[in-house]
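Topology and contacts: notes
Letter by letter, the chains look like this.
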Amino acid sequence: MDSADLNEFATPTLMRSARGAYAQSIRAQLHAIGIDDLPRNGAFILAGIDPAGGPRQDLPAELGVTKQAVSLVIDVLVNRGYLERHSDPGDRRRVVLELTARGQDVVDATVRGVEVVNRELEARVPHEQIAAMRSALIALTEIKITGVITGAGRRPPARELRRFSPIFGVRDLAAALAHYATLGFRTFADDGGDQYGFARRDGIGLHLAAVAEHEAACPASAYLYVRDADALYQEWSRPGIAGHTHPAGPTPYRMREGSHVDPDGNLIRFGSPQQD
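Quick caveat, the model's predicted, so the values are computed rather than measured.

What follows deals with helix 9 (residues 173-182). Listed as buried for helix 9 are Leu-173, Ala-176, Leu-177, His-179 and Tyr-180. Across the axial projection of helix 9, the buried residues extend over an arc of 160°, all falling on one side. Against strand 5 (167-170), strand 6 (186-189), strand 7 (196-201), strand 8 (204-210), strand 11 (255-261) and strand 12 (267-273) lie the buried residues of helix 9. Its side-chain oxygen 3.1 Å from the backbone nitrogen of Ala-174, Asp-172 forms the N-cap of helix 9. Gly-184, located one to two residues past helix 9, shows a positive phi value of around 95°.

Written as structure tokens, this is what we have:
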């Protein structure tokens, strides 16, 4: 491979090295105000809420993601108190998004983080070169989003079954979402409202479905493989967490195993390999 071939990799290599400059600066500003639970792209989506009460139409393209991906992040931001969602008084079919005080703090911190990097960049690089760089980045983002939409370069799945999500029946969806949030899950309701919701953590997902009182007599159960069962017991037995968490202990099948029963009677058994 000669020098000309090596130069073909200069742009992606430099972008990989430089892409974290703004993120690093923004994280420092967010850390300074105690914000540590933003989802991926959350700060940029909050900063992109337009005065009309919704994400800018060009925001998905700028982030290089789909509109559906932005919608999912917005659900998390509402659930965590960064955004409020309510109906438009002038059009009841339209949903309006509004920054909360916490969301505005994130936007202000994001602006400060961006300004820190911009000042350093402008001190090192002429203005016209920065403008050209931004034009090139816009073009690259358009190439990426086109690939996301068309599925270009996507590998076929290595296996047919990718994820398994138990469905837990609950009497009150809002209460169940709040409970699983205390267990460290990211929770949000389905767009349908108060009948179906989701709880996600570390790649593990639970579905929560509101059921009639007489249907809740048969709770569900699931087994959760974890890194450290004793550590999870300590986390899930803190004061203020509803339900009941049983401590971990040894089993004949060499797992250290505990369990948690939620307020609706659903059982999560959790275990980690027993150490010799």
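What follows covers the pattern of salt bridges. Side chains carrying opposite charge are able to pair once their charged atoms draw close together. In total, this model carries seven salt bridges according to the counting rule given. In this structure, Asp-264 engages Arg-171 in a salt bridge whose closest nitrogen and oxygen atoms are separated by 3.3 Å. Here Asp-264, found in the loop between strand 11 and strand 12, pairs with Arg-171, found in the loop between strand 5 and helix 9; they are 93 residues apart in sequence, far enough to count as distant. Since its relative accessible area comes to 39%, Arg-171 is described here as partly exposed. A salt bridge links Glu-235 to Arg-201, with the nearest nitrogen and oxygen atoms 2.8 Å apart.

Applying the stated criterion across every chain, the model contains six aromatic pairs. Where Tyr-180 meets Phe-185, the ring centres are 5.7 Å apart and the plane angle is 85°; that geometry is what we call edge-to-face. Three or more aromatic residues joined by ring pairs form one cluster here, namely Tyr-180, Phe-185, Trp-236 and Phe-270.

Calculation notes
- Residues numbered from 1 in each chain as written.
- Predicted model: local features only at pLDDT ≥ 70, side-chain atom pairs only at ≥ 80, totals over all residues.
- Heavy atoms only, no water.
- Buried < 20%, exposed > 50% of the residue type's maximum accessible area, 1.4 Å probe, protein only.
- Helix = DSSP H or I, 4+ residues; strand = E, 2+ residues; numbered from the N terminus.
- Arc of directions from axis to C-beta.
- Contact = heavy atoms within 4.5 Å.
- Polar contact = N/O pair within 3.5 Å; in protein donor to acceptor, adjacent residues only side chain to side chain.
- Salt bridge = Lys/Arg side-chain N within 4 Å of Asp/Glu carboxyl O.
- Phe/Tyr/Trp six-rings, centres within 6.5 Å; stacked < 30°, edge-to-face > 60°.

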